[in-house]
Amino acid sequence: MILTGKAKEECIKAKIGNEINLFESMLPIYKNALLIEWFDSVGIYVNSDYFELNKWFYSEVLDSNFAIVKPTRQEALTEAIKKANEIYNEKWVHLLN
């Protein structure tokens, strides 16, 4: 699974209750859609687009210094979602301290 820590717990709870097995059985396209929508709801915006210059895909996490270019949209989105997960978990840790 792409998500870890508090992000995983909160996203699963918000989107499908406590049915982690249901989430794990979804196709990657559905998982990514749910994850991106959930990150939107907590103010972390993941964006992806076609990068014409080298014919690859560009993904970024807005309001951070993270951007990545990969040969497929799936790879680019996966890396951006991992970064969004990291940002969420860091924010959560700071709220607890």
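Residues numbered from 1 in each chain as written. Predicted model: local features only at pLDDT ≥ 70, side-chain atom pairs only at ≥ 80, totals over all residues. Heavy atoms only, no water.

**A closer look at the overall build of the protein chain**
Part 1 of the reasoning: Counting its regular elements, the protein chain contains four helices and three strands.
Part 2 of the reasoning: A compact globule built from 97 residues would reach a C-alpha radius of gyration of about 13 Å, and the protein chain, at 14 Å, matches this within 12%.
Part 3 of the reasoning: Principal-axis analysis of the C-alpha atoms places the extent of the protein chain at approximately 40 × 35 × 20 Å.
Part 4 of the reasoning: Of the contacts formed within the protein chain by residues at least 6 apart in sequence, a portion of 39% connects residues at least 24 apart.
Part 5 of the reasoning: Of the roughly 6,100 Å² of accessible surface on the protein chain, a fraction of 55% belongs to carbon and sulfur atoms. (Helix = DSSP H or I, 4+ residues; strand = E, 2+ residues; numbered from the N terminus. Rg over C-alpha atoms; globule rule 2.2 N^0.38 Å. Contact = heavy atoms within 4.5 Å. Areas by Shrake-Rupley, 256 points an atom, 1.4 Å probe, with all protein chains shown as cover.)

**Looking at the sheet that holds strand E3 (residues 66–70)**
Part 1 of the reasoning: In spatial order, the strands read E1-E2-E3; together these three strands make up an open sheet with antiparallel pairing. The open sheet has two edge strands, strand E1 (46–51) and E3, and neither has a second partner. Between one strand and the next, the sheet's axes are offset by a mean angle of 20°, whatever the strand orientation.
Part 2 of the reasoning: The pairing of strand E2 (residues 56–61) with E3 spans five bridges and is classified as antiparallel. Bridge pairing in E3 places glutamate 60 opposite alanine 67. (Pairing = 2+ DSSP bridges. Axes fitted to C-alpha atoms, helices over the stretch in contact; angles between N-to-C directions.)

**Brief notes about the pairing of E1**
Part 1 of the reasoning: Inspection of the sheet shows E1 paired to E2 by six bridges, in the antiparallel sense. Looking across to E2, one finds that tyrosine 50 is bridged to phenylalanine 57.
Part 2 of the reasoning: Hairpin geometry of E1 and E2 is characterised by an intervening segment of four residues between the two adjacent antiparallel strands and by a positive phi of about 65° at lysine 55.

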